[in-house]
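Listed here are the chains, written in short residue letters.
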Amino acid sequence: MDFPEALSCPLPILSHDTVQLAHGAGGKLSNEMIDKIFLPRFLNNTLEKMEDQAILDNPGGRIAFSTDTFVVDPIFFPGGDIGDLAINGTVNDIAMSGAEPKYLSVGFILEEGLPFDTLHRIVLSMEKAAKLAGIQIVAGDTKVVNRGSCDKLFINTSGFGFVPDNVHISASNLIAGDKIILSGTLADHGMAVMTTREGLSFQSTVESDTAGLNHLVKDMLNVSPEIHAMRDPTRGGLATSLNEFAGSSNVGIQLYGDTIPVKENVRGACEILGIDPLYVANEGKLVAIVPEDIADDMLAAMKNNTHGKDAVIIGEVTDKHPGVVALKTGLGANRIVDMPVGEQLPRIC
Amino acid sequence: MCLAIPGKLLEIFDENGLKMGNIDFAGSVSKACLEYVPEIEIGHYTIVHAGFALSVLNEEEAKNSFDAWDDLIDRANAEGIEMEKLERPD
Amino acid sequence: MKYLDEFRDPVIAKKILNEIHAATTQPWVIMEICGGQTHSIIRNGIDQVLPDEIELVHGPGCPVCVTPLEIIDRAIAIASRPDVIFTSFGDMLRVPGSHKDLFMVRSEGGDVRTVFSPLESLKIARENPEKEVVFFAVGFETTAPGNAMAVAQAAKEGLSNFSELVSHVLVPPAMEALLSSPANRVQGYLAAGHVCTVMGWDEYDPIAKKYQVPIVITGFEPMDVLDGILHTVKQLEAGTHEVENRYARIVEQGGNQPAQNLIKDVYEIANRKWRGIGEIPVSGFKIHSKYAAFDAELKFSVGDIHTEEPEACISGVILQGLKKPHDCPAFGKECTPQNPLGATMVSSEGACAAYYKYQRVLND
Ligand code: SF4
């Protein structure tokens, strides 16, 4: 679904072109910014009341609660920006528990001098992402810091949703025989950001995969609530998520080497920069561990959702080599896929 | 040492007096210096290391390797071992 | 990807592997000089599927591993200066100096930037005329043309705020040094395809003759590496010792002439120390005296450097093929990629890191 009317929405008329320290001081200028930039985009019944807190209904049962802070540089990258990333990131963290994400809070830290045009663009893409995910922004906060105290803007989002009673997803639930399903191609987000960084002389066609995955999760739960474990492999990539699973459940993970999908242009960028896609961040992919007997139905349901159309079974859980993720190479050898060490950097050797 | 992979030259331009080119690596396009491959033409494949094209790929020699390896497979098939031939680049 | 995927075909690779098994009748020790090949071997599990008779020894062909501690410490000292923007390939940032690495310099406020090409470093110099921009010019013959071009171009443009901290090493002298060591076990070499792309292979003929070792030039994809091993084994079994080019799609006998010319203009041959191995005569480059203005070692006096190499680290003997990483008592214990004691645990091509990452024993 697209919201062209939102994207073409012009910048409201404000008394300043750029964010001033006074915009964070709680006076007239703060109100102007809230009224013209934030409220029209995020409006709902709760936010409208403009109270110091959101008062929300509690349907009972378990709550999945998550928080994340976004500092990505550059703030605009092919396929997305820090705004939709901030919404989708927390939506996905909640959704990975099987919960339906319901409510979000948003906290902005703005650098003095940030053009309102930039802020407005980001808020528009947050609006769009929140609508797509069907989540309400019910609380917010803005601080302005001195120039140089932050880089353009940082965003924190926190949120929660309600976990269905019959769903029990946990990294410690893996058992031998389970199948590992990946919802699509790896490394799109990380490479989109890396190839746009200044200095790399790239004309990249790689686009971030940033997307909310809660509808995909819903489709999966409709097949069966028996998902054992689920993560969205962001920082540290798929290798990190799988190592965490293997460690928490004390089982081995065996990957079928050549089944892991990577888009051609992403692979091109990885090859030339010497980066392994298994370690690169994704922002619109999930990896699910499901019992073998429901794996095929789950896969079929995922393929019917746009965010899971490239889903594939990439491996299985084994009681061999507990705690270790291994990958079968084309030659039939089995190599260890370890946790990454630190930041992935372009290398020449 | 020396990560270098083949890409296809898309265009040639000048930058600060150096002959430069945009090289396509399966859809990701990276800039490289062409000063060391004066013979290169658009459409050629070249090996790029740290932003420098170092050699124009000899397509004839690449084909020779494929042919030699195809022979391996023919022999294997003759011995009754089923093997598929590899797909060649066009 | 064209000209890449065809050389990763598992069906053909297995066939070449079968040929290697058929050709091997006795034990052989083969060294792949180049860390890129080490990476490919471990990543694809080639060492796991070779005949037991064949022992692959991982050579010193990784600039991260062999750049001497003094130079790392010097880099750290220069990068810590407030007037300097220090630029480097990403590879060098995690290499431990005596007390810290370049990442730590950055966290302490140093302006340390990663670049992918030395020309990006020049761009930074153009854009920051008030700063001194230093490029950490490490590498083997393959990287030298680019690094030389940066100096030549800086001279042409009169970019007096650009300089290079050079630690360039050369492969053939190291190959000879290894072969002439009394403890040498290496019987055949896989020569580094991309080094030969620049330099050609004329330098290898005398080495092959003098030490009676086959030298097979090979590429980096699984099929290239296997093919290189096959032809080395065939020569060893037949008792021949030729230089053989199995990377003909990229490498020509004379190498890249324009590149060699510029290298000769910008750099001059020098004795170089190799981390863990020691000084090897005429085994590297330094900046030619006529480009002295671009030599960071002359530009920045950083005083005497006192290096401290951790005692436990045996990376020197590992680089010479005398021991394997798991022979090191610190391997996987005090020394891990998170907390490396030696440089060979840092680079993804370093023998210790490669073993740690891909090859701790799987109890299948
Ligand atoms: S394991 Fe660590 S300490 Fe031991 S040789 Fe390798 S780098 Fe040095």
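Remember, it's a predicted structure, so these values are computed and weren't measured experimentally.

About the cut-offs
Residues numbered from 1 in each chain as written. Chains lettered and ligands numbered in written order. Predicted model: local features only at pLDDT ≥ 70, side-chain atom pairs only at ≥ 80, totals over all residues. Heavy atoms only, no water. Domains from an automatic or database assignment. Contact = heavy atoms within 4.5 Å. Buried area = accessible area lost by both parts, 1.4 Å probe. Salt bridge = Lys/Arg side-chain N within 4 Å of Asp/Glu carboxyl O. Polar contact = N/O pair within 3.5 Å; in protein donor to acceptor, adjacent residues only side chain to side chain. Helix = DSSP H or I, 4+ residues; strand = E, 2+ residues; numbered from the N terminus. Nonpolar A, V, L, I, M, F, W, Y, C, P; charged D, E, K, R; others polar. Pairing = 2+ DSSP bridges. Near = heavy atom within 4 Å. 1 Å grid on protein atoms, 1.4 Å probe; cavity = no way out; pocket = protein on both sides within 12 Å on 5 of 7 lines; lining within 4 Å. Sits in = over half its atoms within 2 Å of the grid points. Buried < 20%, exposed > 50% of the residue type's maximum accessible area, 1.4 Å probe, protein only.

## Remarks on the domain arrangement of chain C
Residue and element names in this part refer to chain C.
And step 1. Domains assigned within chain C are domain 1 (1-317) and domain 2 (318-356).
And step 2. Relative to domain 2, the C-alpha centre of domain 1 lies at a distance of 18 Å.
And step 3. Contact residues are listed per partner, giving 33 residues for domain 1 and 23 residues for domain 2.
And step 4. Surface buried jointly by domain 1 and domain 2 totals about 2400 Å² across both partners, of which 67% is contributed by carbon and sulfur atoms.
And step 5. The interface formed by domain 1 and domain 2 includes one salt bridge.
And step 6. Inspection of the region where domain 1 meets domain 2 yields ten residue pairs in polar contact (both at pLDDT 80 or more).
And step 7. Among the elements of the structure, α2 (35-44), β2 (54-61), α4 (63-66) and α15 (315-319) are those that each provide at least two residues to the side of domain 1 that touches domain 2.
And step 8. When residues in the side of domain 1 that touches domain 2 are grouped by element, the largest group, seven residues, is from β2.
And step 9. When grouped by side-chain class, the residues that make up the side of domain 1 that touches domain 2 number 19 nonpolar, ten polar and four charged.

## Digging into the interface of chain A and chain B
And step 1. Across the contact, 17 residues belong to chain A and 16 residues belong to chain B.
And step 2. Summed over both sides, the interface between chain A and chain B buries roughly 1200 Å², with carbon and sulfur atoms accounting for 59% of that surface.
And step 3. Three residues, Gln203(A), Ile272(A) and Ile348(A), lead the burial of chain A against chain B; their summed loss comes to 43% of the area buried on that side.
And step 4. Where chain A packs against chain B, one counts four residue pairs in polar contact (both at pLDDT 80 or more).
And step 5. Looking at the side of chain A that touches chain B, the elements that each hand over two or more residues are β8 (202-203) and α9 (264-273) of chain A.
And step 6. For the side of chain A that touches chain B, the leading source of residues is α9(A), giving seven residues.
And step 7. Looking at the side of chain A that touches chain B, its residues break down into seven nonpolar, seven polar and three charged.
And step 8. Note that β8(A) and strand β3 (residues 28-33) of chain B share two bridges and pair antiparallel. Following the sheet pairing, Gln203(A) is matched in β3(B) by Val29(B).

## Quick word on the site of the ligand
Residues and elements named next belong to chain C.
And step 1. The environment of the ligand is formed by 13 residues, the closest being Cys313, Cys328, Cys335, Thr344 and Cys352.
And step 2. Most atoms of the ligand, that is more than half of them, are within 2 Å of grid points of the largest cavity.
And step 3. Across the shell around the ligand, the residue classes tally to ten nonpolar, three polar and no charged.
And step 4. Of the domains in this structure, domain 1 (1-317) and domain 2 (318-356) are the two that each give at least three residues to the shell around the ligand.

## Comments concerning the pattern of salt bridges
And step 1. In total, this model carries 32 salt bridges over all chains according to the counting rule given.
And step 2. One salt bridge connects Lys285(A) with Asp209(A), and the closest N-O pair in it is separated by 3.1 Å. Remark: Asp209(A) occurs in the loop between β8 and α7 (214-223) and Lys285(A) occurs in the loop between α9 and β11 (287-290); sequence separation between them is 76 residues.
And step 3. With a relative accessible area of 7%, Lys285(A) lands in the buried category.
And step 4. Residue Asp227(C) pairs with Arg246(C) through a salt bridge whose shortest N-O separation is 2.8 Å.

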